[in-house]
Amino acid sequence: MGTESNIKLIDEKGLRIDGRSPEELRPIKIEVDVLNRADGSALIEWGGNKILAAVYGPREAYPKHNQDINKAIVKARYNMEAYSVDERKRPGPDRRSMEISKVLSEALETAIMVEQFPRAQIDVFIEVMQADAGTRIAGLTAASVALAAAGIPMRDFVAGCTAGKVDGQIVLDLCKEEDNFGQADLPIAIMPRSGRIVLLQMDGDLTVEEVEKATGMIMGAIKKIAELQRNALLTKFSAVETEGGE
Ligand code: CDP
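Reading guide: rules and limits
- Residues numbered from 1 in each chain as written.
- Predicted model: local features only at pLDDT ≥ 70, side-chain atom pairs only at ≥ 80, totals over all residues.
- Heavy atoms only, no water.
- Helix = DSSP H or I, 4+ residues; strand = E, 2+ residues; numbered from the N terminus.
- Rg over C-alpha atoms; globule rule 2.2 N^0.38 Å.
- Buried < 20%, exposed > 50% of the residue type's maximum accessible area, 1.4 Å probe, protein only.
- Pairing = 2+ DSSP bridges.
- Axes fitted to C-alpha atoms, helices over the stretch in contact; angles between N-to-C directions.
- Parallel < 35°, antiparallel > 145°, perpendicular 65-115°, else oblique.
- Left-handed = near helix turned anticlockwise from the far one by under 90°.
- Contact = heavy atoms within 4.5 Å.
- Nonpolar A, V, L, I, M, F, W, Y, C, P; charged D, E, K, R; others polar.
- Core = buried A, V, L, I, M, F, W, Y, C linked by side-chain atoms within 4.5 Å.
- Polar contact = N/O pair within 3.5 Å; in protein donor to acceptor, adjacent residues only side chain to side chain.
- Near = heavy atom within 4 Å.
- Areas by Shrake-Rupley, 256 points an atom, 1.4 Å probe, with all protein chains shown as cover.

### Focus: the overall build of the protein chain
Item 1. Check the secondary structure of the protein chain and you find 4 helices and 10 strands.
Item 2. What you see in the protein chain, going N to C, is helices and strands ordered as β-β-β-β-α-β-α-β-β-α-β-β-β-α.
Item 3. Whereas a compact globule of 246 residues would reach a radius of gyration of roughly 18 Å, the protein chain reaches 18 Å, a difference of no more than 12%.
Item 4. Projecting the C-alpha coordinates of the protein chain onto the three principal axes gives extents of approximately 55 × 45 × 35 Å.

Structural data, given as structure tokens:
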């Protein structure tokens, strides 16, 4: 973010580097329960991102001194594979993945009814297999579906999107070139029914008016994303029901 360059990211017709209009989302596909051993899982393809979310639990928190007698602890681990980006990423945790794991854990904990599972732990593994910007939000969106697939009681889905500033314009859902060479990136995730914000970060500078415009675009996109989450679960579970009834 913020690396100034001469690359033109928006053309004379107002179209972006990948041909999208300013308020257009990249294609999103969500598949539920792709892993047999996990309690719930989801694979999301969001533009060039390919991210797997796997949920285990609630199970007894270990080591025991980590247990909370009032609620379950939610441990999201965001991991970017070495092969997920153009230049090989050094495997293992780094400052960025630790920060993202923390904000995603907090966002999911707000949505999960953690008070129903004292002393327990819910593990959420988020594996980025292919990265193309917006991975924290795409991972969180997939994790929310995986939690629902695991049958973990939640107040609501968590769904999110980013918007940012590219060639001086506010655009929705940045791709990698826009993220790298644009001027700002604003990821937001909410619980769609209440509108409660569970994640909000900002990289770069935006004016108050620009934040308002970006937020408006994000909220519109989140409605569509929440619909995709619901449909992915409905497709999976209505198929299971039909199989069971035969
Ligand atoms: O992915 P997200 O937008 O949530 O986080 P970011 O830190 O703003 O990273 C933006 C993008 O930069 C990632 O999605 C990757 O495509 C890329 N990236 C990379 O190529 N190598 C890294 N070590 C980290 C990020």
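### Digging into the pairing of strand β8 (residues 184-191)
Item 1. With respect to burial, β8 is a largely interior element, 8 of its 8 residues being buried.
Item 2. Here β8 shows a buried face lined by Ala 184, Leu 186, Ile 188 and Ile 190 and a second buried face lined by Asp 185, Pro 187, Ala 189 and Met 191.
Item 3. In this structure, strand β6 (residues 159-166) lies alongside β8, joined through 7 bridges in antiparallel fashion. Directly across from Gly 160, in β8, lies its bridge partner Ala 189.
Item 4. The sheet contact formed by β8 and strand β10 (residues 203-204) spans 2 bridges and is antiparallel. Within β10, the residue paired with Asp 185 across the bridge is Asp 203.
Item 5. In this structure, β8 lies alongside strand β9 (residues 196-200), joined through 4 bridges in antiparallel fashion.

### Concerning the packing of helix α1 (residues 95-111) against helix α2 (residues 135-149)
Item 1. With their axes 11 Å apart at the nearest point, α1 and α2 run at an angle of 40° to one another. Between α1 and α2, the angle is such that the two are oblique. The chirality of how α1 crosses α2 is right-handed. For the pair α1 and α2, the contacting residues are Arg 96, Glu 99, Ile 100, Leu 104, Ala 107 and Leu 108 in the first and Thr 135, Arg 136, Leu 140, Ala 143, Ser 144 and Leu 147 in the second.
Item 2. Among the residues forming the contact of α1 with α2, the class breakdown is 7 nonpolar, 2 polar and 3 charged.

### Focus on the nonpolar core
Nonpolar side chains in soluble globular proteins tend to be buried together.
Item 1. Counting 64 residues, the largest nonpolar core has Trp 46, Leu 104, Leu 108, Ile 112, Val 124, Leu 147 and Cys 161 as the members making the most contacts within it.
Item 2. Counting residues per element, this core draws most heavily on α2, at 9 residues.
Item 3. If we skip the residues at most four places from it in the chain, Leu 147 touches Val 55, Leu 108, Ile 112, Ile 122, Val 124, Ile 152 and Met 154.
Item 4. Ile 10, Val 166, Val 171 and Leu 174 belong to the second largest nonpolar core, which has 5 residues in total.

### Overview of the side chain of Ser 144
Item 1. Its location among the elements puts Ser 144 in helix α2.
Item 2. For Ser 144, a relative accessible area of 0% translates into the label buried.
Item 3. A polar contact of 3.0 Å, which involves the side chain of Ser 144, links it to the backbone nitrogen of Val 158.
Item 4. In contact with Ser 144, other than residues within four places in its own chain, are Leu 108, Met 154, Phe 157, Val 158 and Gln 229.

### Points about the site of the ligand
Item 1. Around the ligand sit Met 80, Val 85, Arg 96, Ala 131, Asp 132, Ala 133, Gly 134, Thr 135, Arg 136, Lys 176, Asp 179 and Asp 185, and that is every residue in its neighbourhood.
Item 2. Contact between the ligand and Arg 96: an oxygen atom at 2.7 Å from a side-chain N or O atom of the residue.
Item 3. Within the contact set of the ligand, an oxygen atom lies 2.8 Å away from a backbone nitrogen or oxygen of Ala 133.
Item 4. Compared with its free state, where it exposes 500 Å², the ligand has 78% of that area covered by protein.
Item 5. When residues of the shell around the ligand are traced back to their parent elements, those giving at least two are α2 and α3 (176-181).
Item 6. Taken together, the residues that form the shell around the ligand break down as 4 nonpolar, 2 polar and 6 charged.

On their own, these measurements won't tell you what the molecule is for.
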